[in-house]
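# Descriptive analysis of the structure
Now for the letters of each chain:
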Amino acid sequence: MVREIERTELNALLALYTHLHEKNMPEWSEHLKRTWEAITQDKNHHIIVNIVDGRMVSSCACVIIPNLTRGIRPYALIENVVTHSDYRGMGHATACLDYAKALAEREHCYKIMLLAGSREDATLRFYEHAGYNSAEKTAFVQRLE
């Protein structure tokens, strides 16, 4: 079942993120609590999850960003696409991306941007198959310490 995350599911999400690039779940702290509250209270920040047999197996974050160009239409940014390693290749992440696309369409976004941290051919083909292209824009990232 693909849906938006519930406030009580933070631990399951953090456990799933260990299959993305996190090595361990972060320790509970006031900073973590405030960040989670900010995310769950932001009407433009959507964490989409796929639940299979009661287990969170895939997720992505979709943020709707208000915009003053393109007819004053917002755009969407997708990040943190992850699937539990035992559930990869079964369409779970695609279902999350499809949900994010429907959400972006409902909000009248004119585009969706997705940045992939992986350069693996299989990952890039997955995003292309989901409808994204890497030829239209050039992405630049500046890491901040």
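First, a word on scope: everything that follows refers to the structure included in this document.

Parameters at a glance
Residues numbered from 1 in each chain as written. Predicted model: local features only at pLDDT ≥ 70, side-chain atom pairs only at ≥ 80, totals over all residues. Heavy atoms only, no water. Core = buried A, V, L, I, M, F, W, Y, C linked by side-chain atoms within 4.5 Å. Buried < 20%, exposed > 50% of the residue type's maximum accessible area, 1.4 Å probe, protein only. Helix = DSSP H or I, 4+ residues; strand = E, 2+ residues; numbered from the N terminus. Contact = heavy atoms within 4.5 Å. Salt bridge = Lys/Arg side-chain N within 4 Å of Asp/Glu carboxyl O. Pairing = 2+ DSSP bridges. Axes fitted to C-alpha atoms, helices over the stretch in contact; angles between N-to-C directions.

Turning to the nonpolar core, a few remarks are in order. Judged by nonpolar contacts, the single largest core of 17 residues is most densely connected at Cys-60, Cys-62, Ile-78, Val-81, Leu-97 and Leu-114. Mapped by element, the contributors of at least two residues to this core are β3 (55–65), β4 (75–83) and α3 (92–106). Those residues in contact with Cys-62 that lie beyond four places of it in its chain are Asn-44, His-45, His-46, Ile-48, Ala-76, Leu-77, Ile-78, Ala-100 and Leu-103. Leu-10, Leu-13, Tyr-17 and Ile-39 belong to the second largest nonpolar core, which has 14 residues in total.

Moving on to the pattern of salt bridges. A pair can form between side chains of opposite charge whenever their charged atoms are brought close. In this structure the tally under the stated criterion is two salt bridges. Close ionic contact of Arg-3 with Glu-6 constitutes a salt bridge, the shortest N to O distance being 3.9 Å. For Glu-6, a relative accessible area of 41% corresponds to the partly exposed category. For Arg-3, the salt bridge goes to Glu-9, with nearest N and O atoms at 2.6 Å. Sharing partners across several salt bridges, the network here consists of Arg-3, Glu-6 and Glu-9.

With mixed pairing, the five strands of this open sheet are ordered in space as β1-β2-β3-β4-β5. In this open sheet, the two strands that pair with only one neighbour each are β1 (2–4) and β5 (112–114). Going across the sheet, the axis of each strand differs from the next one's by a mean of 25°, ignoring polarity. Two strands pair when backbone bridges link them, and β4 and β5 are joined in this way by three bridges, in the parallel orientation. Bridging from a neighbouring strand, Ile-78 pairs with Leu-114 of β5. In the packing of α3 onto the sheet, contacts are made with β1, β2 (45–52), β3, β4 and β5, and the angle to β3 comes to roughly 25°.

To continue, consider the pairing of β3. Of all 11 residues in β3, eight are buried; the element is thus mostly enclosed. Pairing geometry for β2 and β3, over eight bridges, is antiparallel. Among the inter-strand pairings, Asn-50 is bridged to a residue of β3, identified as Ser-58. Where β2 folds back onto β3 in an antiparallel hairpin, the turn is made up of two residues, including Asp-53, whose phi is positive at roughly 50°.

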